[in-house]
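Chain residues, written in single-letter form:
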Amino acid sequence: MSVLLLVVDVGNTNIVLGVYAGEQLIAHWRLSTNRNQTVDECGIVLRNLFLHNGLDYREVDDIIISSVVPPIMPTLEEMARQYFGLQPLVVGPGIKTGLPILYDNPKEIGADRVVNAVAGFEKYGGPLIIVDLGTAITFCVISDKGEYLGGAITAGIGIAMDALFQRTAKLPRIDLIKPKKVIGRNTVDSMRSGLIYGYIGQIDGIVKRIKAELKSDAFVVATGGMADELAEDSATINKVDPLLTLEGLKIIYKRNREGNRSVK
């Protein structure tokens, strides 16, 4: 009988969750990250999501969580214990990933970057560049041997958009919709053009420099909340994989706990 696994990826802006029945992803959701949410609020939201998808939360066998928002972890761990009767597996130091990390201090790497790298190498091999387009944009570089070599981090497009509104006197807050032309004929379209095409140029520029440093035409995968919007016009992104992090959590779970999972 296959394990029913709940995977949870906590980002600065969104929490992405998925339910796997064995190898098959049978449901997934994206929620806003709320650092002030209580244990009961988290539990009720999850129960309702399961109900909405015709799933029974009581059938969940195990839970794995990765997070880049430490203050929310005690709430999620207690929610797992109270509402699912499970002690979740948390991605962090000491967990088995199968990924040699050649960072100066491996403990500095965000859990999401490790999870993405595990899934990316498992699915696409190496050399590989993973571009995660979230609150921050991260570039992760994996060698042909499956080693995590390092990468780059920059502010995400949402941060830049907020900064334009907050730090200028006349520029408005805008919705991020791709304009039809690069040359904007009004302030809103000019801002949209600068943000969207500016970030596409930044992504392509960094990827090209990484490839030159690697001396390899590495495969490039994009993931994260803004991947679809930015990848279409990119000259370097080969594939968009929006559920890469969920896949990575499933793989790490199998390498650590499958066959020796906690009992309800």
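What you see is a predicted model, and the numbers here were worked out from it, not measured in a lab.

1. Topic: the packing of aromatic side chains
Point 1. All chains considered together, the criterion is met by 5 aromatic pairs.
Point 2. With centroids separated by 5.9 Å and ring planes inclined at 85°, the aromatic side chains of Tyr 57 and Phe 84 adopt a geometry described as edge-to-face. On the criterion of sequence distance, the pair formed by Tyr 57 in the loop between helix 1 (39–52) and strand 4 (62–67) and Phe 84 in helix 2 (residues 73–84) is long-range, its members being 27 residues apart. Like Phe 84, Tyr 57 is buried.
Point 3. Ring pairs connect the aromatic residues Trp 29, Phe 50, Tyr 57 and Phe 84, which therefore count as one cluster.

2. A short note on the nonpolar core
Point 1. In this structure, Leu 5, Val 7, Ile 64 and Val 91 are the most contacted members of the largest nonpolar core, which totals 29 residues.
Point 2. Within the residue set of this core, elements represented by two or more residues are strand 1 (4–10), strand 2 (14–21), helix 3 (111–124), strand 6 (128–133), strand 7 (136–142) and helix 7 (244–256).
Point 3. The contacts of Val 7, once residues within four sequence positions are left out, are Val 16, Leu 17, Gly 18, Tyr 20, Ile 64, Leu 246, Leu 249 and Lys 250.
Point 4. Core analysis: the second largest hydrophobic core is formed by 27 residues, Val 19, Ala 27, Leu 49 and Ile 65 among them.

3. Some details on the sheet that holds strand 10 (residues 239–240)
Point 1. Spatially, the 5 strands line up as an open sheet ordered 8-7-6-9-10, and their pairing is mixed. Of all strands in the sheet, those bounded by a partner on one side alone are strand 8 (148–155) and strand 10.
Point 2. Taken together, the 5 bridges between strand 6 and strand 9 (residues 219–223) define a ladder with parallel strand orientation. Its bridge partner lying in strand 9, Leu 128 is registered against Phe 219.

4. Some details on the environment of Arg 47
Point 1. Mapping Arg 47 onto the fold places it in helix 1.
Point 2. Note on Arg 47: relative accessible area 30%, which makes it partly exposed.
Point 3. In the structure, Arg 47 is positioned 10 residues away from Tyr 57 in sequence and 6.3 Å away in space, judged by C-alpha atoms.
Point 4. With sequence-adjacent residues up to four places away left out, Arg 47 is seen in contact with Tyr 57 and Tyr 83.

5. Considering the environment of Leu 5
Point 1. Along the chain, the position of Leu 5 falls in strand 1.
Point 2. A sequence separation of 225 residues divides Leu 5 from Leu 230, and the C-alpha atoms of the two residues are 31 Å apart.
Point 3. If we ignore the near neighbours within four places in the chain, the residues touching Leu 5 are Gly 18, Val 19, Tyr 20, Asp 62, Ile 63, Ile 64, Lys 250 and Tyr 253.

6. Concerning the pairing of strand 6
Residues in a regular strand project their side chains so that they alternate between the two faces of the sheet.
Point 1. With 6 of 6 residues buried, strand 6 lies mostly within the body of the structure.
Point 2. Where burial is concerned, the two faces of strand 6 agree: the one with Leu 128, Ile 130 and Asp 132 and the one with Ile 129, Val 131 and Leu 133 are both buried.
Point 3. Bridging between strand 6 and strand 7 involves 6 bridges; their strand directions are antiparallel. When the sheet's bridge partners are listed, Leu 133 is paired in strand 7 with Ile 137.
Point 4. What sits between the antiparallel neighbours strand 6 and strand 7 is a turn of 2 residues.

Reading guide: rules and limits
Residues numbered from 1 in each chain as written. Predicted model: local features only at pLDDT ≥ 70, side-chain atom pairs only at ≥ 80, totals over all residues. Heavy atoms only, no water. Phe/Tyr/Trp six-rings, centres within 6.5 Å; stacked < 30°, edge-to-face > 60°. Helix = DSSP H or I, 4+ residues; strand = E, 2+ residues; numbered from the N terminus. Buried < 20%, exposed > 50% of the residue type's maximum accessible area, 1.4 Å probe, protein only. Core = buried A, V, L, I, M, F, W, Y, C linked by side-chain atoms within 4.5 Å. Contact = heavy atoms within 4.5 Å. Pairing = 2+ DSSP bridges.

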